[in-house]
Amino acid sequence: MSVILVLGLGAYAAACLALFFFQRSLIYFPPATAAYPAPKTSTLEVPGAALKVSERPLAGERALLYLGGNAEDVTASLPFLARAFPDRAIYLLHYRGYTGSSGKPSEQALVADALALFDRVAPEHPDVVVVGRSLGTGVAVQLASQRPVSRLVLVTPFDSLAGLAARQFPYFPVRWLLRDRYESSRYAPRITAPTLLLAAGQDEIIPASSAELLLSRFPKGVAHLRVIDGVGHNTIQDSPAYIASLQEPR
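Residues numbered from 1 in each chain as written. Predicted model: local features only at pLDDT ≥ 70, side-chain atom pairs only at ≥ 80, totals over all residues. Heavy atoms only, no water.

Engineer: I would appreciate a short explanation of the packing of aromatic side chains in the present structure.
Structural biologist: How two aromatic rings sit relative to each other is set out by the distance from centre to centre and by the angle between their planes. Here the structure, examined in full by the defined rule, presents two aromatic pairs. An angle of 80° between the planes, with centres 6.2 Å apart, marks the rings of F80 and Y242 as edge-to-face. Here Y242 lies in helix α10 (residues 241–246) and F80 lies in helix α3 (residues 78–84), a separation of 162 residues in the sequence. The class for F80 is partly exposed, based on a relative accessible area of 22%. Classification of Y242 as buried rests on a relative accessible area of 3%. Between Y95 and Y98, the ring centres sit 5.4 Å apart and the planes meet at 85°, which makes this aromatic pair edge-to-face. We note that Y95, like Y98, is buried. (Phe/Tyr/Trp six-rings, centres within 6.5 Å; stacked < 30°, edge-to-face > 60°. Helix = DSSP H or I, 4+ residues; strand = E, 2+ residues; numbered from the N terminus. Buried < 20%, exposed > 50% of the residue type's maximum accessible area, 1.4 Å probe, protein only.)

Engineer: What's the story with the nonpolar core in this structure? I'm lost.
Structural biologist: Generally speaking, soluble globular proteins have nonpolar side chains that are buried together. Within the largest apolar cluster, 46 residues are counted, with the highest numbers of intra-cluster contacts made by L67, V130 and F218. Secondary structure elements with two or more residues in this core: β1 (40–46), β2 (49–56), β3 (62–67), β4 (89–93), α4 (107–121), β5 (127–133), α5 (135–144) and β6 (151–155). Here the element with the most residues in this core is α4; it accounts for seven residues. When sequence neighbours within four positions are dropped, the list of residues in contact with F218 reads L154, A188, I191, T195, L197 and A223. The next biggest cluster of nonpolar side chains, apart from the first, holds 22 residues, and it includes L92, V155, L196 and V231. (Core = buried A, V, L, I, M, F, W, Y, C linked by side-chain atoms within 4.5 Å. Contact = heavy atoms within 4.5 Å.)

Engineer: Sorry, what's going on with the packing of α4 against α5 here?
Structural biologist: Packed helices, taken two at a time, are described by the angle between their axes plus the distance between the axes. For the pair α4 and α5, interaxial distance at closest approach is 9 Å and the crossing angle is 55°. As the angle between them shows, α4 and α5 are arranged oblique. Note on packing geometry: the crossing formed by α4 with α5 is right-handed. Facing α4, whose interface residues are E107, L110, V111, A114, L115 and F118, α5 presents V139, Q142 and L143. Residues of the contact of α4 with α5, tallied by class, amount to seven nonpolar, one polar and one charged. (Axes fitted to C-alpha atoms, helices over the stretch in contact; angles between N-to-C directions. Parallel < 35°, antiparallel > 145°, perpendicular 65-115°, else oblique. Left-handed = near helix turned anticlockwise from the far one by under 90°. Nonpolar A, V, L, I, M, F, W, Y, C, P; charged D, E, K, R; others polar.)

As structure tokens, then:
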């Protein structure tokens, strides 16, 4: 075996190890500061962390739980959600390691934290809509597969993070290396709540085929897909159709 080949194999192995050990720094990008002052904040104590929850309080049975993207300060979505859901109390979860929350993010931890927030909210508000965006759709799908949510909205969703990563790093065995897989297609068949998949027509991060594959995994009649044209992955909320789409009953 030539020296060049040995060096090449060594460099490839080193790159695979780097992807394995530093993968979470490539997935989670906590924002530095809050983007919008929430009317109220509270703390959700969970094993290994204290989580910040931004709230728009409102009495009554109806509430909304929001799970944001991997680089999102969730308070930036509060004005849009407040307009779309004026009759619901709103709870926005700041992931572990994100603005105001302690701990370190992982798929297992984020799903457990979302379940804990639902369990805190549901006794006071038994009618809970769950909205997830981008990475948060992977958390939201798992939440909705385990709790009686009244409606599920997935903004810029994907079928699995492993599939997206494999497209981004085609020369590496990403499916073997990835620990946080967010396999939404695996959990979608268990969901019975009415579900909207809201995709961006010019999404530069998540291909249309990924959202379509996820749609096909839901039980027949449970989910439908709507595409908003003229917007990208990070600009979908700028469309006039965004708020109206969030309000769709089905």
